[in-house]
Amino acid sequence: KPQLYEFLVEDFLPERLALELKGSDAPITPAATAEINVNGRYLYGAPAAGNRLSGQVYVRPLREAVKALPGYQFGSVTEEELSQDLELEETALDADGEAVIALESKWAEAKSPLQLIVQASLQESGGRPITRRVVQPVWPAERLPGIRALFDGEETDGDGPVEFELLVANNQGQKLAANQLKVRLVRERRDYY
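Calculation criteria
- Residues numbered from 1 in each chain as written.
- Predicted model: local features only at pLDDT ≥ 70, side-chain atom pairs only at ≥ 80, totals over all residues.
- Heavy atoms only, no water.
- Pairing = 2+ DSSP bridges.
- Helix = DSSP H or I, 4+ residues; strand = E, 2+ residues; numbered from the N terminus.
- Axes fitted to C-alpha atoms, helices over the stretch in contact; angles between N-to-C directions.
- Salt bridge = Lys/Arg side-chain N within 4 Å of Asp/Glu carboxyl O.
- Buried < 20%, exposed > 50% of the residue type's maximum accessible area, 1.4 Å probe, protein only.
- Polar contact = N/O pair within 3.5 Å; in protein donor to acceptor, adjacent residues only side chain to side chain.
- Contact = heavy atoms within 4.5 Å.
- Core = buried A, V, L, I, M, F, W, Y, C linked by side-chain atoms within 4.5 Å.

Engineer: Sorry if this is basic, but what is going on with the sheet that holds strand S3 (residues 52-61) here?
Structural biologist: Consider a sheet: its strands pair through backbone hydrogen bonds, and that pairing is either parallel or antiparallel. Taken together, 4 strands build an open sheet; the order of strands is S5-S3-S7-S8 and the sheet is antiparallel. In this open sheet, the two strands that pair with only one neighbour each are strand S5 (84-92) and strand S8 (129-138). Between one strand axis and the next, the sheet turns by 20 degrees as a mean value, whatever way the strands run. Strand direction decides the pairing type here: S3 and strand S7 (residues 114-123), joined by 9 bridges, are antiparallel. Along S7, the bridge assignment pairs Gln-56 with Gln-119.

What follows is the structure, encoded as C-alpha cells:
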C-alpha cells in the first residue's frame, strides 16, 4: 500500500508579511459576538489582498482575571468544564488586506471570566504562514468577587488557621464596596474507602 509523506525543504527566509490582530480592549460579555480585526500587509507596504487566513480559538478559564490584583482568583472552580478548542473557517483578506473574525458565543452561560486566545495564520503567496495571537477577555458581570489565600501553595499546616481575603472588584482592579456576600465553606472528606 503506497504511503505519501509531504514535506518542504527551504532556506530560512525572513518574514515578508506583517499581521495585526485587534480585539476589544474592554472585556466583552459572554453572550456577545467577539470581533477580532485583522490587518495584513507586506513589509514593503502593499496590503496582503486575497491572502488566505486560517486559525484556531482556544477558550480557557481566566482565574487571575485582574492584573492589578495579583493572587486573587475569580470565577468558580466548580463550574462545568469551560475549555473549548475551535477551528476558524478559512477566509481571504479583502483588497485593503483586512478582515473581521466574528466569533459567535458558544460560552454564553459562563459565570466565570474567560479568555479567548485567537491564533491566526496568514499565508504568503508561496504558502508559508505567519502566525500571531491575541487574547480577548470575557467577563460575565461588571463586578465579581475574588478570593486570595494568605498562605503559600495549595495547602496549609493542619494545626494553624487558614486565612483568606475576599473582595469585589471590576476589571480595572478597583475594589468596590460590597455587603451581604454569602460565603460557603465546603469540607471534603477524602479519607474513606
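After that view of the structure, there is still more to cover.
Engineer: What exactly am I supposed to notice about the sheet that holds strand S9 (residues 143-149) here?
Structural biologist: Strand order in the open sheet formed by 4 strands is S4-S9-S10-S11, and the pairing between neighbours is antiparallel. In this open sheet, the two edge strands, each paired with only one partner strand, are strand S4 (73-74) and strand S11 (175-176). Bridge count between S4 and S9: 2 bridges; the pairing is antiparallel. Considered in S9, the bridge of Gln-73 is made with Ile-147.

Engineer: Is there a simple way to explain the pairing of strand S10 (residues 164-170) in this structure?
Structural biologist: Walk down a regular strand and you will see the side chains alternate between the two sheet faces. Sheet analysis places S9 next to S10, joined by 7 bridges and oriented antiparallel. Residue pairing for S10: Arg-148 is matched across the bridge by Glu-165. Relative to S11, S10 runs antiparallel, the two sharing 2 bridges. What sits directly across from Ala-169, in S11, is Lys-175.

Engineer: Just checking my understanding: could you explain the pattern of salt bridges for this structure?
Structural biologist: Where charged atoms of side chains with opposite charge meet at close range, the side chains can pair. Summed over all chains, the structure comprises 10 salt bridges. Across the pair Arg-16 and Glu-124 runs a salt bridge whose closest N-O atoms are separated by 3.1 Å. On the criterion of sequence distance, the pair formed by Arg-16 in the segment before strand S1 (17-22) and Glu-124 in the loop between S7 and S8 is long-range, its members being 108 residues apart. The exposure class assigned to Arg-16 is partly exposed, which follows from its relative accessible area of 43%. A relative accessible area of 10% means that Glu-124 is categorised as buried. Between Arg-190 and Glu-188 there is a salt bridge; the shortest N-O distance is 2.6 Å. Note on accessibility: Arg-190 and Glu-188 belong to one class, exposed.

Engineer: Any chance you could explain the side chain of Asn-51 here in plain terms?
Structural biologist: Mapped onto the secondary structure, Asn-51 falls in the loop between strand S2 (34-42) and S3. For Asn-51, a relative accessible area of 8% translates into the label buried. Here Gln-123 takes part through its backbone oxygen, which lies 2.8 Å from a polar atom of the side chain of Asn-51. Discounting chain neighbours no more than four positions away, the residues touching Asn-51 are Leu-17, Tyr-42, Thr-91, Ala-92, Leu-93, Leu-122, Gln-123, Glu-124 and Ser-125.

Engineer: Just to check I follow, could you spell out the environment of Val-118 for this structure?
Structural biologist: Examined against the element boundaries, Val-118 turns out to sit in strand S7. In this structure Val-118 comes out as buried when scored by relative accessible area, which is 0%. When the C-alpha positions of Val-118 and Val-134 are compared, they lie 5.3 Å apart, and in sequence the two are 16 residues distant. Excluding residues within four positions of it along the chain, Val-118 makes contact with Leu-21, Ile-36, Gln-56, Val-57, Leu-88, Ile-101, Leu-103, Arg-132, Arg-133 and Val-134.

Engineer: Just to check I follow, could you spell out the nonpolar core for this structure?
Structural biologist: In summary, soluble globular proteins display a tendency toward joint burial of nonpolar side chains. Counting 28 residues, the largest nonpolar core has Val-38, Ile-101, Leu-103, Leu-116, Val-118 and Leu-122 as its most contacted members. Counting residues per element, this core draws most heavily on S7, at 5 residues. Residues in contact with Leu-116, not counting those within four places in the same chain, are Ala-34, Val-57, Tyr-58, Val-59, Leu-103, Trp-107, Val-134, Val-135, Gln-136 and Val-138. Counting residues in hydrophobic clusters, the runner-up holds 10 residues, among them Leu-62, Ala-65, Tyr-72 and Leu-144.

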